[in-house]
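# Residue-level structural notes
Chain by chain, the residues:
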Amino acid sequence: MSSQSEQSPKGSWEVPRLKTKKILPSYTKDEIRERIIKNELLVVIDGYVLKLNNMIKHHPGGELALYHAIGKDASDEMHAMHPDWVFEGRADKYIVAKYLKQDESKSFVEDIPLPYSKPTPADKYMYGDQKFDYPAIRADYYSLFEKLRKEGLFECDYSNYAIEISRWLLFVVGMFSFILIGEPSTLKCFASALCTAALWHQAVFTAHDLGHSAVTANRSLDTFMGILLGDFIGGLSVGWWKKSHNVHHIVTNQPENDSDIQHLPFFAISPIFYEGNLFSTYYNRQLVFDQFCKAIVVLQDKMYYIIMLFGRFNLYVLSWQHVLLDSDSMNPVIEATCLSLFWVWYGWLLSHLPSKKLMFLHFFVSNAFTAILHIQITLSHFGMPVHSPDPENECFAARQIRTSLDVICPSFLDWFHGGLQFQIEHHLFPRLPRHNLRLVRPHVIELCKKHNLVYCEDYFLGANIFTIKKLNETAQMIKSMIIAEQKL
Ligand code: HEM
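Definitions and cut-offs
Residues numbered from 1 in each chain as written. Predicted model: local features only at pLDDT ≥ 70, side-chain atom pairs only at ≥ 80, totals over all residues. Heavy atoms only, no water. Near = heavy atom within 4 Å. Polar contact = N/O pair within 3.5 Å; in protein donor to acceptor, adjacent residues only side chain to side chain. 1 Å grid on protein atoms, 1.4 Å probe; cavity = no way out; pocket = protein on both sides within 12 Å on 5 of 7 lines; lining within 4 Å. Sits in = over half its atoms within 2 Å of the grid points. Helix = DSSP H or I, 4+ residues; strand = E, 2+ residues; numbered from the N terminus. Salt bridge = Lys/Arg side-chain N within 4 Å of Asp/Glu carboxyl O. Buried < 20%, exposed > 50% of the residue type's maximum accessible area, 1.4 Å probe, protein only. UniProt positions renumbered as here; feature names shortened; annotations may be inferred. Axes fitted to C-alpha atoms, helices over the stretch in contact; angles between N-to-C directions. Parallel < 35°, antiparallel > 145°, perpendicular 65-115°, else oblique. Contact = heavy atoms within 4.5 Å. Nonpolar A, V, L, I, M, F, W, Y, C, P; charged D, E, K, R; others polar. Patch = residues over 30% accessible without salt bridge, like charges linked within 9 Å, V, L, I, M, F, W, Y side chains within 5 Å. Areas by Shrake-Rupley, 256 points an atom, 1.4 Å probe, with all protein chains shown as cover. Donors = N, O, S within 2.8 Å, 3.2 Å for Na, K, Ca; no water. Tetrahedral: all angles 85-135°; square planar, octahedral: opposite > 155°, others 65-115°. Phe/Tyr/Trp six-rings, centres within 6.5 Å; stacked < 30°, edge-to-face > 60°. Pairing = 2+ DSSP bridges. Domains from an automatic or database assignment. Buried area = accessible area lost by both parts, 1.4 Å probe. Points joined across faces, edges and corners; volume = space filled by probe spheres on them.

## Structural notes on the site of the ligand
Taken together, 27 residues lie around the ligand, and His59, His82, His212, Arg219 and Lys242 are the ones closest in. Gly211 is positioned with one of its backbone polar atoms (N or O) 3.2 Å from an oxygen atom of the ligand. Measuring from an oxygen atom of the ligand, one finds a side-chain N or O atom of His212 at 2.9 Å. More than half of the atoms belonging to the ligand lie within 2 Å of the grid points that define the second largest pocket. Secondary structure elements with two or more residues in the shell around the ligand: α2 (63–67), α3 (75–81), α4 (84–87) and α10 (238–250).

What follows is the structure, encoded as structure tokens:
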């Protein structure tokens, strides 16, 4: 068993807080704002102001994820994303002041045009007069956090992975034996391709756990195993995925910041992508809504499944781009080697098929069937709001609950959904081992009920219908805007 909570002093299940013995000045919110305008990268954690200018480029969770914390009280994000040792002797050296709290606000920079992080659009109309008690939600979030630590739910039970590895082996055997044993046939080629897709589908879930250091809690070891699984077995860069995924966890469903919802020219999950003239802080470019977008996005609900069939091909390109071109790629040599070896073993397998037609069939079917994974991933957020009722004050827990959707399924199907079905719980506690997420669900439902937060969940079919409906609604709105504009 690995334990992240074991790293805190024995017997203490409290979420660790930043501490320092330094004698410090106090900064108000206004002073923090003024300093940020003068290019100081300041963030508030546990009542202290931290200056990150010298460490941001070396942040193990990536530079971009950290930029989105600037000018915010990011205590909750910090606690959710880090093991205890970061608080105990790593982060305190960046403390420069105490934070003189005058109100409960979480973001001090929603009205400042920062180049590296854009504000969440607000929509009070959407939420009516509903008021949320964010301080009370935070208090209950921390109580739950401590309860889960106390119950040992942050400990990973490796026997779950023994079952997973057995399942992968079954798919590996099918993938090779349908091709290598006996006379080749179209049916056997198809069966092998399905096994390949299933292997890739399943491997991603463990690569995801490893990417969050939620398996051994040793970042280097988890990253290395993640690269073996993601890059070598799956052909996709874990480094690329981690870069965008870390950002996604901090700025979930924020149109300009979260690359997981930036899919022009194919999808626009909110009309804001059409009317907003948005700039992607992730891709560092304007999200241009050109004539091609106009033609495709108005059909996005109808094209959803077709586009998903090709999703994996795009990921191959993004993976290589990250490894070869991105200056912040963390393990470019190992990743490039594993990505190349992926094409060696996969090419070797295809080379045993007797015709180009069968090779193409295998290649297409194995890649296209992983569309199920892309659908599962997009269901988690595509139908959820991008607007906040109160971006200045909304706390981390409320934001994660507002932007994520759970899929209801019986426990015997947990392997198929791979943790994606507990998206809300995962977003609240990203380092919690996946196999424990089901145990957290009732507590989160209770928290939502208590605070009138919508806990959005549906069965797999219902979640599909919900997402398609939302895509359709957005497509219709954008269509009317285009028509209205043409009439002007
Ligand atoms: C001085 C402050 C900070 C320090 C020293 C620090 C350090 C670290 C370290 C050491 C890790 C790797 C943890 C591991 O081994 O699993 C990490 C990961 C990460 N950090 Fe920070 N960090 C700081 C502030 C922040 C803030 C304010 C945010 C965002 C709000 C942030 C977002 C992340 C993310 C998203 C990850 C990736 C977590 C994962 O792999 O699941 N960090 N940080």
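## With respect to the pattern of salt bridges
A full pass over the atoms with the stated rule returns 21 salt bridges. With its nearest N and O atoms 2.9 Å apart, the salt bridge here joins Lys29 to Asp103. Here Lys29, found in helix α1 (residues 29–37), pairs with Asp103, found in the loop between β5 (95–99) and α5 (124–127); they are 74 residues apart in sequence, far enough to count as distant. Using a relative accessible area of 16% as the deciding quantity, one classes Lys29 as buried. Arg138 is the salt-bridge partner of Asp76, the closest N and O atoms lying 2.6 Å from each other. Taken together, the residues Asp76 in helix α3 and Arg138 in helix α6 (residues 134–150) connect sequence positions 62 residues apart. Assessed through its relative accessible area of 3%, Asp76 is described here as buried. For Arg138, a relative accessible area of 16% puts it in the buried group. Within this structure, Glu31, Arg35 and Glu40 form a network of salt bridges that share partners.

## Quick look at the UniProt feature "transmembrane region" (unreviewed entry) in the protein
UniProt records the feature "transmembrane region" (unreviewed entry) for residues 304–323, 329–348 and 360–379 in the present numbering. End C-alpha atoms of residues 304–323 are separated by 28 Å, and the span's content is 95% helix alongside 0% strand. What you have in residues 329–348 is 85% helix and 0% strand, and the ends, taken at the C-alpha atoms, are 28 Å apart.

## Regarding the UniProt feature "domain: Cytochrome b5 heme-binding" (unreviewed entry) in the protein
Using the residue numbers shown here, the UniProt feature "domain: Cytochrome b5 heme-binding" (unreviewed entry) corresponds to residues 24–100. Between the end C-alpha atoms of residues 24–100 there is a gap of 11 Å, over a span that is 32% helix and 19% strand.

## Digging into the packing of helix α8 (residues 186–211) against helix α17 (residues 371–379)
Taken N-terminus to C-terminus, the directions of α8 and α17 make an angle of 40°; their axes are 9 Å apart at the nearest point. Taken together, the axes of α8 and α17 lie oblique to each other. Residues His201, Val204 and Phe205 of α8 lie in contact with α17, whose contacting residues are Ile372, Leu373 and Gln376.

## Looking at the packing of α17 against helix α22 (residues 460–487)
Between α17 and α22, whose axes approach to 10 Å, the crossing angle comes to 70°. Our classification of the angle between α17 and α22 gives roughly perpendicular. Touching Ile375, Gln376 and Leu379 of α17 are Phe460, Ala463, Asn464 and Thr467, all from α22. Taken together, the residues that form the contact of α17 with α22 break down as 4 nonpolar, 3 polar and no charged.

## Looking at a nonpolar patch on the surface
Together, Phe224, Leu228, Phe232, Ile334, Leu341 and Val344 line one region of the surface with nonpolar side chains, adding up to about 500 Å² of accessible area. Counting only elements with at least two residues in the nonpolar patch, the list comes to α9 (219–233) and α15 (332–350). Along the chain, the position of Leu228 falls in helix α9.

## Observations concerning the coordination of the iron atom of the ligand
At the metal site, the iron atom of the ligand is ligated by His59 (NE2) and His82 (NE2), and these contacts range over 2.0 Å. One way to put it: the 6 donor atoms around the iron atom of the ligand meet at angles of 86 to 178°, and that makes the site octahedral. Separated by 23 residues along the polypeptide, His59 in the loop between β4 (48–51) and α2 and His82 in the loop between α3 and α4 bring together distant segments of the chain. Classification of His59 as buried rests on a relative accessible area of 12%.

## Brief notes about the packing of aromatic side chains
By the definition in use, this model includes 37 aromatic pairs. Look at Phe145 and Phe154: their rings are 5.5 Å apart centre to centre, the planes differ by 25°, and that puts the pair in the stacked class. Just as Phe145 is buried, Phe154 falls in that class too.

## Considerations on the sheet that holds strand β2 (residues 26–27)
Across the sheet, which stays open at both edges, the 4 strands sit in the order β2-β5-β4-β3 with mixed pairing between neighbours. Two strands bound the open sheet, and with one partner strand each, they are β2 and β3 (42–45). Bridging between β4 and β5 involves 3 bridges; their strand directions are antiparallel. Counted as the bridge partner of Val49 is Ala97 from β5.

## Points about the environment of Gly239
Along the chain, the position of Gly239 falls in helix α10. Remark: the alpha-carbon pair of Gly239 and Glu425, spanning 186 residues in sequence, is separated by 24 Å. Once you skip the residues sitting within four places of it in the chain, Gly239 turns out to touch His322 and Glu335.

## Quick notes on the domain arrangement of the protein
Domain boundaries assigned for the protein yield domain 1 (2–117) and domain 2 (121–488). On a C-alpha basis, the centroid separation for the pair domain 1 and domain 2 is 27 Å. Each partner contributes residues to the interface: domain 1 has 36 residues there, and domain 2 has 39 residues. When domain 1 packs against domain 2, close to 3,400 Å² is buried across both sides, 55% of that on carbon and sulfur atoms. There are 3 salt bridges connecting domain 1 and domain 2. Elements represented by at least two residues in the side of domain 1 that touches domain 2 include exactly β1 (2–3), α2 and α3. Per-element accounting of the side of domain 1 that touches domain 2 gives the leading share, 6 residues, to α3.

## Topic: the layout of surface pockets
By volume, the second largest pocket amounts to about 730 Å³. In terms of lining, the second largest pocket is formed by 32 residues, of which the most central are His59, Pro60, Gly61, Met81 and His82. Mapped onto the lining of the second largest pocket, the elements with two or more residues apiece are β3, α2, α3, α4 and α10. For the lining of the second largest pocket, the class distribution of residues is 19 nonpolar, 8 polar and 5 charged. Residue assignment places the lining of the second largest pocket across two domains, with domain 1 (2–117) and domain 2 (121–488) each supplying three or more.

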